[in-house]
Amino acid sequence: MLRAFVTAACFLAVFVTAVWAYRENIKTRADIKRLDTLKREISLETNRLALLRAEWAYLNRPNRLDKLAAMVGGDTALTPMADTRFGDIRQVEMKPSGEPTYVALILQPGAAGRPS
């Protein structure tokens, strides 16, 4: 009787372990598939990002921007941003709250006829 009980317990333990191992195998295969999909998506996005960076560098060529500035008109020389090109907060005229809300910016010409 004891021998049959030990044999049944061992058989049950082997069966439970086999079921657990099979489930873990299935989960692992699903995770590997998901990982492969993520790696493929990351690779595509990395290639897309490299393409966008190359396109941005192509579009920001100084000679191209000079031509565009000349087509639009005005000063064709591209100058770096400087803090003198921004207005002062005291130049902003605030309207009372009863009127429509908008802000009027009064720019005064600088040395070269541009807003300072």
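Residues numbered from 1 in each chain as written. Predicted model: local features only at pLDDT ≥ 70, side-chain atom pairs only at ≥ 80, totals over all residues. Heavy atoms only, no water.

> So, the overall build of the chain: which residues are in play, and what are the values?
A count of helical and extended segments in the chain gives two helices and two strands. Secondary structure elements of the chain occur, N-terminal to C-terminal, as α-α-β-β. Counting over 116 residues, the chain shows a buried share of 2%. Contacts in the chain between residues at least 24 apart in sequence constitute 21% of all its contacts with a sequence separation of at least 6. For the chain, the accessible area works out to roughly 10800 Å², and carbon and sulfur atoms hold 65% of it. (Helix = DSSP H or I, 4+ residues; strand = E, 2+ residues; numbered from the N terminus. Buried < 20%, exposed > 50% of the residue type's maximum accessible area, 1.4 Å probe, protein only. Contact = heavy atoms within 4.5 Å. Areas by Shrake-Rupley, 256 points an atom, 1.4 Å probe, with all protein chains shown as cover.)

> Describe in detail the packing of aromatic side chains, supporting the description with residues and values.
Within this structure, the stated rule accounts for zero aromatic pairs. In this structure, R61 packs its charged tip against the face of Y58, placed 4.0 Å from the ring centre. (Phe/Tyr/Trp six-rings, centres within 6.5 Å; stacked < 30°, edge-to-face > 60°. Lys NZ or Arg CZ within 6 Å of the ring centre and 35° of its normal.)

> Provide a residue-level description of the pattern of salt bridges, including the pertinent values.
Taken as a whole and judged by the stated rule, the model has three salt bridges. Note that E24 is salt-bridged to K27, the shortest N-O span being 3.7 Å. Placement of the pair is E24 and K27 together in helix α1 (residues 2-59), with a separation of three residues, close to one helical turn. Looking at K27, the relative accessible area reads 49%, which means it is partly exposed. With a closest N to O distance of 3.4 Å, D31 and R34 form a salt bridge. Taken together, the residues span about one helical turn, with D31 and R34 both in helix α1 at a distance of three residues. (Salt bridge = Lys/Arg side-chain N within 4 Å of Asp/Glu carboxyl O.)

> With reference to specific residues and values, describe the confidence of the model for the chain.
Chain-level statistics for the chain give a pLDDT mean of 82 and a share of 72% at 70 or above. When the elements of the chain are averaged for pLDDT, strand β2 (residues 104-105) gives the smallest value, 60, and α1 the largest, 96. (pLDDT = per-residue confidence, 0-100.)

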